[in-house]
Amino acid sequence: MADGGTGASLFVIFGGTGDLARRKILPALHQLHLQGATGGDSVVLGVARDREMNDAGYRALAREADGGADATRSEVAAWAEHAIHYESIGAGAPDDYVRLRARIEQIETDYGLAGNRAFYVALPPDAFPGTITGLGEVGLGRSEGWTRIVIEKPFGRDLASARALNDLLHRYFSEEQVYRIDHYLGKETVQNLLVFRFANAMFESLWNRDHIEAVQITVAEELGVERRAGYYERAGALRDIVQNHLTQLMTLVAMEVPSAIAADPIRAEKIKALRAVAPIRSENVVFGQYVGGVVDGEAVPAYHDEPGVAAASTTETFVAVKLEIENWRWQGVPFYLRTGKRLARRLTEIEVKFRRAPVWLFRQAGCEDEIHRNTLLLTLQPDEGFSLLFEIKAPGQPFHLRRQPLRFNYAEAFAQIPDAYQTLLRDLFEGDQTLFVHADEVEAAWSLFAPLLDAPRDPRPYAAGSWGPAEAEVLEA
Ligand code: BG6
């Protein structure tokens, strides 16, 4: 059976001792286990190179990885004792995969599992091909139950490498078995975009060029590159955030109404929206790189001076790009995507600016300067929710207008918002690919940015703690 089922399974984590496994995957599995959302009594197998590690050591690591409340700790510990195992993959030679396969089959026999398997490849991208081939060559691409493979980002570093990775995956796995992660799609507020648009007829009827003047999508980070220069120097903001997270948000805003809220129709509409984006003109892109400064009274280094960064690096830490979507819905409506590290504050937001009133009746009342547009702000982080900005009459005289928000805040309305990884892993157990990226989608996103990827960079400097280079403002003029 290729897919489609739930049921108890074996969850294999490649990179089992790594940062992502500790910070995100294991805590998400704990939570899903506590909620009974793993499709049955699921078992975990951590896989890494470390030959010294064993079941007991890995269970200790898994217990530590749990960030949950004390009340749940003993339950998690009991589960870890019972259901978490470790296997070394050594150097990843063919024999190592034969050994891994034998261990998987042994665990399945011990636990009476039916052969449902999830392989989570939480490894650096240069280890993806070897792992996929290793699994495929020993026949782990198929089983008696369902087999699913999860691939972390970045999925390739350009169109050619993404295609090669898709071809390799498809040699051993069908597309229905492949779950490409973009963790933004697991964020509750990102999913809410679908509800916002398609459950509220009021907005959907305004969602087009007749009523919308511009859309701006921002992923601003306060942090710098941290300790990730090794990866970031080769990636830069375009590959790290624009090609994936920002493009995903853009397609969810721009896509047509799908025929159903299900993986295939939604992914088909997202791909259509992506393919409708006009080739990007070089004058519509601004690259930036942060220089040092003082943020909140603390000196922060320039990107150049971060550990592991080349002194003459031209890697961009900021991108602003204007996209034009050539279809009936969006012709003439600019979509501005922008992202940067070391910006003024952490903020992920979609701003939909509606057109101004066609005739400004309040001019006679002296309200010349107050021609605002209704604006919808969908905030994804840190304060999840939305505001709709309206003009109102400020009380008293002289007559003047004020812009006031109608607000909805998730945290005020709901006690807890699940972590993105929890949402995505729950869907993985259920075999629902809606929030995962299709092969064609990832390729279309790389094609869109292809002309910019290796173009020479002369990033504009911007001060740490600012909103990016001044040139980016001009883009919007
Ligand atoms: C990751 C990027 O995909 O997303 C990081 O590699 C970035 O550079 C992170 O910091 C941002 O994620 P979030 O969920 O904190 O907005």
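Here the structure is shown first, and the text comes after it.
Conventions used here
- Residues numbered from 1 in each chain as written.
- Predicted model: local features only at pLDDT ≥ 70, side-chain atom pairs only at ≥ 80, totals over all residues.
- Heavy atoms only, no water.
- Axes fitted to C-alpha atoms, helices over the stretch in contact; angles between N-to-C directions.
- Helix = DSSP H or I, 4+ residues; strand = E, 2+ residues; numbered from the N terminus.
- Parallel < 35°, antiparallel > 145°, perpendicular 65-115°, else oblique.
- Left-handed = near helix turned anticlockwise from the far one by under 90°.
- Contact = heavy atoms within 4.5 Å.
- Nonpolar A, V, L, I, M, F, W, Y, C, P; charged D, E, K, R; others polar.
- Expected span 1.5 Å × (residues − 1).
- Bend = angle between axes of the 7 residues up to and from the residue.
- Buried < 20%, exposed > 50% of the residue type's maximum accessible area, 1.4 Å probe, protein only.
- Phe/Tyr/Trp six-rings, centres within 6.5 Å; stacked < 30°, edge-to-face > 60°.
- Lys NZ or Arg CZ within 6 Å of the ring centre and 35° of its normal.
- Patch = residues over 30% accessible without salt bridge, like charges linked within 9 Å, V, L, I, M, F, W, Y side chains within 5 Å.
- Areas by Shrake-Rupley, 256 points an atom, 1.4 Å probe, with all protein chains shown as cover.
- Salt bridge = Lys/Arg side-chain N within 4 Å of Asp/Glu carboxyl O.
- 1 Å grid on protein atoms, 1.4 Å probe; cavity = no way out; pocket = protein on both sides within 12 Å on 5 of 7 lines; lining within 4 Å.
- Points joined across faces, edges and corners; volume = space filled by probe spheres on them.
- Polar contact = N/O pair within 3.5 Å; in protein donor to acceptor, adjacent residues only side chain to side chain.
- Near = heavy atom within 4 Å.

Caption draft 1: Molecular detail of the packing of helix α1 (residues 19-34) against helix α12 (residues 420-430). Packing of α1 against α12 leaves a shortest axis separation of 9 Å and a crossing angle of 60°. Looking at the two axes, α1 sits oblique to α12. For the crossing formed where α1 meets α12, the hand is right-handed. For the pair formed by α1 and α12, the contact residues are L20, K24, I25, A28, L29, Q31 and L32 on the first element and Y421, Q422, L425, R426 and F429 on the second. Considered class by class, the residues forming the contact of α1 with α12 number eight nonpolar, two polar and two charged.

Caption draft 2: Region of interest: helix α13 (residues 439-453). The terminal C-alpha atoms of α13, which comprises 15 residues, lie 19 Å apart, in line with the 21 Å expected from a rise of 1.5 Å per residue. In α13, a bend of some 35° at S447 exceeds every other bend along the element, and P451, a proline, comes one to four places later. Taken across its 15 residues, α13 has eleven buried, putting it largely inside the fold. Burial in α13 covers these residues: A439, E441, V442, E443, A444, A445, W446, L448, F449, L452 and L453. On its buried face, α13 sits against α6 (159-172), β6 (178-180), α9 (229-254), α10 (263-275) and β8 (285-291).

Caption draft 3: Expanded view of the packing of aromatic side chains. Enumeration over the complete set of coordinates arrives at 18 aromatic pairs. Summarising the aromatic geometry, the rings of W330 and F335 are spaced 5.1 Å apart at their centres and angled 90° between planes, so their arrangement reads as edge-to-face. Given the relative accessible area of 0%, W330 is considered buried. Judged by relative accessible area, F335 falls into the buried class, the value being 0%. Both rings, one in Y410 and one in F414, keep their centres 5.7 Å apart while their planes meet at 35°; by these two values the pair is tilted. Take Y410: its relative accessible area is 11%, and that puts it in the buried class. By relative accessible area, which is 44% here, F414 ends up partly exposed. Taken together through their ring pairs, the aromatic side chains of F196, F203, F386, F408, Y410 and F414 make up a single cluster. Sitting over the ring of Y184, K187 keeps its end group 4.6 Å from the ring centre. Geometry around F399 places K393 over its ring, the cationic atom sitting 5.5 Å from the centre.

Caption draft 4: Structural detail: unusual backbone geometry. Here the amide bond leading from K153 into P154 is cis, since omega sits at 0°, within 30 degrees of zero. Among the structural elements, P154 can be located in the loop between β5 (147-151) and α6. Along the chain, Q381 connects to P382 via a cis peptide bond; the corresponding omega equals 5°. Position of P382 among the secondary structure elements: in the loop between β14 (375-381) and β15 (385-393). Even without a glycine there, the phi angle at D296 is positive, about 50°. Residue position: D296 is located in the loop between β9 (293-295) and β10 (298-300). Despite not being glycine, R342 has its phi angle at roughly 55°, a positive value. Positionally, R342 belongs in the loop between β12 (334-340) and β13 (347-354).

Caption draft 5: Focus on a nonpolar patch on the surface. Residues V359, L361 and F362 make up a contiguous nonpolar surface patch of about 300 Å² in total accessible area. Here V359 is to be found in the loop between β13 and β14.

Caption draft 6: Structural context of empty space enclosed by the protein. One pass over the structure, following the stated rule, counts five cavities of 30 Å³ or more. Each pocket or cavity is described by its volume, and for the largest cavity that value is around 170 Å³. In this structure, the largest cavity is lined by 19 residues; those nearest its centre are D182, Q243, N244, V437 and V442. Those elements giving two or more residues to the lining of the largest cavity turn out to be α9 and α13. The leading source of residues in the lining of the largest cavity is α9, at five residues. Among the residues making up the lining of the largest cavity, the classes are represented as nine nonpolar, four polar and six charged.

Caption draft 7: Spatial organisation of α12. Here α12 lies mainly inside the structure; nine of its eleven residues are buried. Along α12, the residues classified as buried are A420, Y421, Q422, T423, L424, L425, D427, L428 and F429. Those residues of α12 that are buried lie in contact with β1 (10-14), α1, β4 (117-121), β5, β6 and α7 (188-198). The opening residue of α12 is D419, an N-cap whose side-chain oxygen sits 3.0 Å from the backbone nitrogen of Y421.

Caption draft 8: Looking closely at the site of the ligand. Close contacts around the ligand come from K153, H183, Y184, K187, E221, R228, D240, H245, K341, R346 and Q381, and that covers them all. Contacts to the ligand include H245, whose side-chain N or O atom sits 2.7 Å from an oxygen atom. Here an oxygen atom of the ligand sits 3.2 Å away from a polar atom, N or O, in the side chain of R346. About the coverage of the ligand: the protein hides 80% of its 400 Å² of free accessible area.

Caption draft 9: Representation of the side chain of N116 within the structure. Mapped onto the elements, N116 comes out in the loop between α4 (94-111) and β4. Accessibility expressed as a relative area gives 6% for N116, which makes it buried. Of the polar contacts made by the side chain of N116, one reaches the backbone oxygen of A8; its length is 3.0 Å. A distance of 2.9 Å separates a polar side-chain atom of N116 from the backbone nitrogen of W146. Among all residues touching N116, those that are not within four sequence positions of it are T6, G7, A8, S9, L10, E108, G145 and W146.

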